[in-house]
Amino acid sequence: MDQAVLKRNRKVDYWAKKVISLGGVAILVCVIGMLVMLVMQTAPLFLSPHKKELTAFALPNGNNTPEAVALGVDEYLETGYWIDSVGTIRFLDLQRAVETDHQKLFSGLGITKMRTYGPNSFSLTFADGSAGLVEVTFAAHFDENSQRTIEHQTKVIRQVPAGSFSQFPLEVLIRPLENNGMAAVALLPGNRVEVWTEVVEENFLGTSETHSFKTQIQTDPKDLVTALALNKKGDRLYLATQNGKLVLWNLNNPEEPALIDMRTAFADGRALTSLALVYGDESLAVGDEKGQVTTWFMAPEASGSPQKRLTLIHRLSSHKTEIQSLVPSLRNKAVLSLAAGTVTLDHMTSERELIRFSAPSPIKQFAFSTRGNGLLGLDQANRLTLWAFDAPHPEGSWMVYFGKVHYESYSAPDYVWQSSAGTDDFEPKFSLVPLIFGSLKGTLYAMLFAVPMGIFGAIYTNQFASRRFQTWAKPAVEITAAVPSVIIGFLAALWLAPILDRWLLGFFLFLVILPSLTLLFLVYWAQARTNKKLRLIEQSKELYLALPLLLSAVLLSAWLQPQVELWFFGGDFKQWLYAYVTKDYDQRNSIVISFALGFMVIPFIFTMTDDALSSVPDSLRAASVALGASRWQTTWKVLLPSASPGLFAGVILGMGRAIGETMVVLMATGNTPIIDISLFNGMRTLSANIAVEIPEAPVDGSLYRVLFLSALILFGFTFLINSIAELFRYSLRKKYAEF
Amino acid sequence: MPSSESEKAFVRGEAKKFWREGEYNVWFSTLSIGGILLMALTLLVVVTINGLGAFWPSKLALIKLKEGTTYLGEIEQTSRQPNSKEQRIQVKIGNRDLYSLDFKWINLDEVESITYPEEVIALEREEYGNFYGFLKEVHSPDLASGASGLEAIWGLGDQAKTNLSKLSAELRAQAEEMESIRLRRLDLAYKNPQSPRLAGLDKTLAEMGVVFETQVSAQEQAAVESQAHYALFADAGGREKEIPLVKIHRFYYPNQMSLPAKLGHYAVRIYELFFTEPRESNTEGGLFPAIVGTVILVFTMSFVSFPLGVVAAVYMREYARKGVMVQAVRVAVNNLAGIPSIVWGIFGLAFFIYFVGGGIDAFFFPERLPTPTFGTGGVLWASSTLGLLTVPVVIVATEEALGSVPSEIRHGSLALGATQFQTLMRVVLPMSSPRIMTGFILAMSRAAGEVAPLMITGVVKLAPSLPIDLHAPFFHLERKFMHLGFHIYDVGFQSPNVEAAKPMVFVTTLLLLGVVLLMTSFSIFLRNRMKKRFTGRTF
């Protein structure tokens, strides 16, 4: 033969081998790649946040310059500013460390006290007894070449004139109200607290009238007020005292403040040193002299009690010394705390300490950027330092995903899934427990139906049925496996669910009637089968009698429903259910799921059981029958135990199918993430949750990654299940390998 | 009774034997398989009856109530009120624009009479669903004097409709051309902002914009003119309604129709189902884009799934030596088969769309960013995802097929001096090809019915354009697409009027179920015939 041809053939063969091996490996790569991809998308949830020092420089002025009372930084971390004690605001270009602009606030009165509600908004108290609310805003502009310039603007939003309070205030908090009104709370000498409210009302002529009110808040003269917090709407005032009291006042009626709650925060009566309202104004962050940061909100004292009191909800970081200041983030539920020069950033919901650090020289002033991505600090040595924070997923932790969390406005800690709501200050609730529970619940009910049906059906088809029946019944069941799940889901939700809703009692009657009818039939059959001709039916023709039996049970249940309903349930079964069994009956309930998912799973169990029974050698069967066992005894006591690994494999594979099935549960359950095993309501499963939520999840956001986490959990579930099934199948194969 | 004692003992013995032998369990297992088959049959029957019946023109009943009101509509079903003996009927009364309800429940004991007047007319409209009522008069500037009846001016309306659709097609073509020039300009400007050709393109665009504006105004003009042909109808209660002919899709007199006429009507509806676009947010009209989308999806998926599956199976059966590697691949295949489809979907989203697609965009279409080209869901990514999802089906079928080829044949080929690859290509694969084909068909039918991963990777409710058309490069795999399965979910669950949309959902269901079941049964039939030829252990 031509050597060239041979050579070429060998070459082709060599390369073909390479390519084909590569193809085999590709499958392996595919599975591993999938796992890696899922893990990669999930991992950032659990990475610890980090900070980076961007720049540091000393403030440019000498010794005799006024002290800084406030700092601020824009969200791009480019422009910073500081307000000094004589009321000058100075803007700095942080990258070049130069002052770019300065302006006098309120014609240069000396500032005696500064309070901040959030970044870039300051309540300033002046030396002449007046006060003002100042806001610094930054606006980014883009020119044609997409170059960014940031413009800053300083605005005095509200001003409380001197003499509004009965004494010179030590500290004033101002909140703007609608129509130019405002609420101002002042701490006066002698431990007095005064509220000054200005309400602007527009009458029907279109002119506005201004009413101002001044009221005293009762305080214990011996118990020094150490911190104040006023919410954005100006109707809730929180006080913290030297003796550890936490007080909440309702300022809804400006003339008559009402005490909502007063309690000693900690049993040891430690002094409270700092207060701040967490973003959303539901929760109050409290810092105490022992360095503990905690958050509180109004919740029932004990579960079930109607009375709400300020309750300790989350314990955040603890420092060694007293908390000097607390600043909330305006992005999420994070709180920044400062104690003895150490700064920590904690997220309230997840109770995660995101960042903790102390600068070489203790920090005395700091400012949080609006986006929560940076911190500008001023230390004792008068150096300004800018840090960038990277904490993309602060709201998640193992406790949030798998544990009970006490969410805002909930009465007790609970497992909750609620990923979004209409407002920005919403607390996302990412508990995967209700979803995992939903997946398991759906699977459980599906298996309750599918396992007996599939196994018994396969036993009949494999052992007792005629060849002819086998040749069409097996493919028929196999073909039902191909019915797209979207069709089953649609039928279950829009066809089966209303029917079942109408015939609910009939369904339960059927469960009783079918077995009793069958037993009754068997009693008669025992007599009838003495007839030789009738007995021939037991030669694989049982179905001719079983089908009428089944149908008559269905008809009988339907016929009996109105009667039974009238006799036992006062004419309305659902009313009875509502009164005695469950309060939340759902048309798309677990019975529907049981049928629909069960129908999907049956073919798997059926086929695997059938295969397993076929793989048991005929000699075993022959031996059993020869020893005088009946056909059922042979099947049940000889064949089934031998085939059991295959059965288990089928059941487990079916379970894997049911856990991961998406369309059926998406359509035929109500998709409410509740934890309730009841037969009469629905669920939300991990898989349906992914389908529901992923279109609305911003890419690389927390929700997006949590959904990948749930996909990873599903992957893990099925991996486990498949491996177990494979083990069972392996043992079956090994057992009968020699036959 | 001489031996009652012994007879009793005999009966007792029989009873014991009965429980011991467990014959009753045989009956329970019979009931199980009966139940399974009955359920499958019910599913088939429900889908078939509802699906086939959806387009049948049923008679319109004029229902007069004792209190005086009258309703006109199709009687959908009769049922009993819960907890009472009263019968009630559900009537599809249509006329959504007048009543804002499509269906009404009427208690039979309130009904005075039900008649079927000959002259009632049913309109299928372009919006607001069906109209049932009576024709009063027709208006048209071009109406021949003395002519009356809807038939007389139907031709005029038809003309106006063709005219309008022609204008719209022109508009669309113009817009598409402008878009392609705009993209070219974008590309040019990105590569070389100083290119002298930019000005030329800008000029062309501006000129085309002027043409576009005139076309728009011509279309508006035609739309206004078309309103001149209209007919006046009255509903059962005598409320009058003017409906322009262009808004009427079809009219018929259901109570006058003979059986052949009904069959003809049915045939036209079926034709429309397969070859026209959907109307009224998918609840009426055809399925053409969804059918095309599904077919393209399945075929594109084949390009991923078939080669990968066959090669992997060949590797495991023919090439791999027993060892850790082949064991690992086997475990991988088993796990691939068990991974839930939604997990595939989310994987496709992260890997294909954001990673691969985003990469393609950054490299090849940077000028269009931030508008994504491949970095968003589309046919290509959906079918790649489905392709990986169906690989195990192909692998299992191919492995079985290869296993069924006797090894003597391989040895014979090798002994004659053929290389392993030649043996594979010339002997083994041709012999096993029929069974491999069954695997392909199974994979395609699985892919056709899978919806969950598509929802994440690019299926849409209404795609503006097909993924295949007459503009180069003909296949636009980056486009979003419609799909029969998603159509079922979307129309059945997301449409504003689920009850009115049900017939359409059942038709779609019947179509999808038919296609999937036919493909599956064909492959199972083939496989079973093949099994007889080469018997091999499947376990």
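Quick notes on the rules
- Residue numbering note: each chain is counted from 1, following its sequence as written.
- Ligands are numbered from 1 and chains lettered from A, in the order in which they are written.
- Per-residue local features are limited, in this predicted model, to residues with pLDDT of at least 70; the limit for side-chain atom pairs, both in listing and counting, is 80 or more; totals at the level of whole chains, interfaces and linings are taken over all residues.
- Note that the side-chain values use all heavy atoms of the structure and ignore hydrogens as well as water.
- In this description, contact between two residues means that some pair of their heavy atoms is separated by no more than 4.5 Å.
- As a working definition, buried area equals the accessible area (1.4 Å probe) given up by two parts on being put together, with both sides summed.
- By definition, a salt bridge exists where a carboxyl oxygen of Asp or Glu is found within 4 Å of a side-chain nitrogen of Lys or Arg.
- In protein, a polar contact requires one atom able to donate a hydrogen and another able to accept it; more generally it is a pair of N or O atoms within 3.5 Å, and residues adjacent in sequence count only if both atoms are side-chain atoms.
- The definitions used throughout rest on a 1 Å grid laid over the protein atoms alone, on which a cavity is an enclosed set of points accommodating a 1.4 Å probe that cannot get out and a pocket is an open set flanked by protein within 12 Å on both sides along at least five of seven lines; lining residues are those having an atom within 4 Å of a point.
- Grid points are joined across faces, edges and corners, and a volume is the space filled by probe spheres set on the points.
- Elements are defined by DSSP. Helices are runs of H or I of four residues or more, strands are runs of E of two residues or more, and each kind is numbered from the N terminus.
- Residue ranges assigned to the domains are those given by an automatic or database domain assignment.
- What makes a patch is a set of residues exposed beyond 30% relative accessible area and free of salt bridges, joined within 9 Å when like-charged and within 5 Å when nonpolar (Val, Leu, Ile, Met, Phe, Trp, Tyr).
- All accessible areas in this document rest on Shrake-Rupley with a 1.4 Å probe, and a residue is counted as covered only by the protein chains that are shown.
- A 1.4 Å probe rolled over the protein chains alone gives each residue an accessible area, and that area as a share of the maximum for its type sets the label: buried under 20%, exposed over 50%, partly exposed in between.
- Strands pair, by our definition, only if DSSP identifies at least two bridges between them.
- With axes taken as lines fitted to C-alpha atoms, and helix axes fitted only over the stretch in contact, angles between N-to-C directions fall between 0 and 180 degrees.
- UniProt positions are given in the numbering used here, feature names are shortened, and annotations may be inferred rather than shown by experiment.
- A helix is expected to span 1.5 Å multiplied by its residue count minus one.
- To get the bend at a given residue, fit one axis to the seven residues ending there, fit another to the seven starting there, and take the angle between those axes.
- Oblique is the label for every angle not falling under 35 degrees (roughly parallel), over 145 degrees (roughly antiparallel), or within 65 to 115 degrees (roughly perpendicular).
- Here a crossing is taken to be left-handed if its near helix is turned anticlockwise relative to the far helix by less than a right angle, and right-handed if that turn runs clockwise.
- Two rings from Phe, Tyr or Trp (for Trp, the six-membered ring) form a pair when their centres sit within 6.5 Å of each other. Planes less than 30 degrees apart are called stacked, planes more than 60 degrees apart edge-to-face, and all others tilted.
- By the criterion adopted, a ring carries a charge over it if an Arg CZ or a Lys NZ lies within 6 Å of its centre and within 35 degrees of its normal.

K.L.:
Talk me through the interface of chain B and chain A; I want residue IDs and the actual numbers.
P.N.:
Each partner contributes to the interface: chain B provides 95 residues, whereas chain A provides 109 residues. Here chain B packs against chain A, burying approximately 8600 Å² in sum over the two surfaces, 79% of which is carbon and sulfur. Our enumeration of links across chain B and chain A arrives at one salt bridge. Linking chain B to chain A there are eight residue pairs in polar contact (both at pLDDT 80 or more).

K.L.:
Explain empty space enclosed by the protein to me, and be specific about the residues and the numbers.
P.N.:
All names here are of chain B. Throughout the structure, instances matching the rule amount to six cavities of 30 Å³ or more. A volume near 50 Å³ is recorded for the largest cavity. For the largest cavity, the full set of lining residues is F55, E124, R269, E272, L273, R279, E284, G285 and M504. Mapped onto the lining of the largest cavity, the elements with two or more residues apiece are α6 (259-275) and β12 (284-285). Of all the elements, α6 adds the most residues to the lining of the largest cavity, at three residues.

K.L.:
Account for the domain arrangement of chain B, with residues named and values stated.
P.N.:
As far as domains go, chain B holds domain 1 (2-52), domain 2 (61-134), domain 3 (150-276) and domain 4 (288-483). On a C-alpha basis, the centroid separation for the pair domain 1 of chain B and domain 4 of chain B is 45 Å.

K.L.:
Could you give an account of a nonpolar patch on the surface, with specific residues and numbers?
P.N.:
Residue and element names in this part refer to chain B. Together, L41, L44, V45 and I49 make up an exposed nonpolar region whose accessible area comes to about 350 Å². On the secondary structure map, L44 appears in helix α2 (residues 23-53). For L44, a relative accessible area of 35% puts it in the partly exposed group.

K.L.:
Could you give me a rundown of the environment of B:T373, with the residues and numbers involved?
P.N.:
Residues and elements named next belong to chain B. Tracing the sequence through the fold places T373 in the loop between α9 (341-364) and α10 (379-403). Sequence separation between T373 and G357 is 16 residues; the distance between their C-alpha atoms is 7.9 Å. Not counting residues within four places of it along the chain, the set of residues in contact with T373 comprises D361, F365, R368 and E478.

K.L.:
Residues and numbers for the environment of B:V138, please.
P.N.:
All names here are of chain B. Summarising the element assignment, V138 is placed in strand β7 (residues 130-139). Classification of V138 as buried rests on a relative accessible area of 11%. Note: C-alpha distance between V138 and H229 (91 residues apart in sequence) is 7.8 Å.

K.L.:
Describe the side chain of B:T508, and please don't skip the residues or the numbers.
P.N.:
All names here are of chain B. Relative to the helices and strands, T508 resides in helix α15 (residues 498-533). For T508, a relative accessible area of 0% puts it in the buried group. In this structure the side chain of T508 is engaged in a polar contact, spanning 2.7 Å, whose partner is the backbone oxygen of M504. Filtering out sequence-adjacent residues up to four positions away, T508 remains in contact with L287, L484, H487 and I488.

K.L.:
Any details on the sheet that holds strand β27 (residues 374-379) of chain A? Residues and values, ideally.
P.N.:
Residue and element names in this part refer to chain A. Strand order in the open sheet made by the four strands is β1-β28-β27-β26, with antiparallel pairing throughout. The two strands at the open ends of the sheet, each matched to only one other strand, are β1 (50-58) and β26 (363-368). With strand direction ignored, the average angle separating the axes of adjacent strands in the sheet is 20°.

K.L.:
So what's going on with the pairing of strand β3 (residues 87-92) of chain B? Residues and values would help.
P.N.:
All names here are of chain B. Of all six residues that make up β3, five are buried, and the element is covered over most of its length. Relative to β3, strand β2 (residues 70-80) runs antiparallel, the two sharing six bridges. Looking across to β3, one finds that E74 is bridged to K92. Bridging between β3 and strand β4 (residues 103-107) involves five bridges; their strand directions are antiparallel. Within β4, the residue paired with Q90 across the bridge is W105.

K.L.:
Lay out the sheet that holds strand β3 (residues 79-84) of chain A in plain terms, naming residues and giving numbers.
P.N.:
Residue and element names in this part refer to chain A. Spatial strand order, β2-β3-β4-β5: four strands in an open sheet with antiparallel pairing. In this open sheet, the two edge strands, each paired with only one partner strand, are β2 (68-73) and β5 (98-104). Within this sheet the neighbouring strands show an average axis-to-axis angle of 20°, counted without direction. Judged from the six bridges that link them, strand β4 (residues 88-93) and β5 form a sheet pairing that is antiparallel. Residue pairing in the sheet places T88 in a bridge with K104 of β5.

K.L.:
Explain unusual backbone geometry to me, and be specific about the residues and the numbers.
P.N.:
All names here are of chain A. The phi torsion at L77 lies on the positive side, around 60°, for a residue other than glycine. On the secondary structure map, L77 appears in the loop between β2 and β3. By relative accessible area, which is 9% here, L77 ends up buried.

K.L.:
Can you tell me about the UniProt feature "transmembrane region" (unreviewed entry) in chain A, naming the residues and giving the values?
P.N.:
Under the feature "transmembrane region" (unreviewed entry), the UniProt entry names residues 20-40, 444-465, 477-497, 503-523, 591-609 and 703-725 of chain A. Annotation note: span residues 444-465 of chain A, helix share 95%, strand share 0%, distance between end C-alpha atoms 30 Å.

K.L.:
Tell me what's going on with helix α3 (residues 433-464) of chain A, and back it up with residues and numbers.
P.N.:
Residue and element names in this part refer to chain A. In a regular helix each residue adds 1.5 Å, so 32 residues correspond to 46 Å; α3 covers 45 Å between its end C-alpha atoms and thus fits that length. Of all the bends in α3, the largest measures some 30° and sits at M447. A large share of α3 lies buried, amounting to 26 of its 32 residues.

K.L.:
Could you give an account of the packing of helix α1 (residues 3-42) of chain A against helix α8 (residues 324-338) of chain B, with specific residues and numbers?
P.N.:
Here α1(A) crosses α8(B) at 55°, and the two axes come no closer than 9 Å. As far as their axial angle goes, α8(B) and α1(A) are oblique. Crossing of α1(A) against α8(B): the hand is left-handed. Residues A:G24, A:V25, A:I27, A:L28 and A:V31 of α1(A) touch α8(B), and the partners they reach there are B:M325, B:A328, B:V329, B:A332, B:V333 and B:L336.

K.L.:
Lay out the environment of B:V311 in plain terms, naming residues and giving numbers.
P.N.:
Along the chain, the position of B:V311 falls in helix α7 (residues 288-319). Counting along the chain gives 129 residues from B:V311 to B:R182, while the straight-line C-alpha distance between them is 44 Å. The contact partners of B:V311, leaving out residues within four places of it in the chain, are A:V19, A:I20 and A:G23.

K.L.:
Break down the packing of aromatic side chains for me, citing the residues and quoting the values.
P.N.:
Residues and elements named next belong to chain A. One pass over the full model with this rule turns up 56 aromatic pairs over all chains. Taking the centre distance of 6.3 Å and the plane angle of 40° together, the rings of F456 and W636 count as tilted. Of this pair, F456 sits in helix α3 while W636 sits in helix α12 (residues 631-660), and the two are 180 residues apart along the sequence. Relative to F595, the ring of F507 lies with its centre 5.8 Å away and its plane at 70°, an arrangement referred to as edge-to-face. With F507 in helix α6 (residues 504-528) and F595 in helix α10 (residues 590-615), the pair connects residues that are 88 residues apart, well separated along the chain. Accessibility expressed as a relative area gives 16% for F507, which makes it buried. Here the basic side chain of K429 rests over the ring of Y407, its NZ or CZ set 5.4 Å away from the ring centre. Between R631 and the ring centre of F464, over which it is positioned, the NZ or CZ distance is 5.1 Å.

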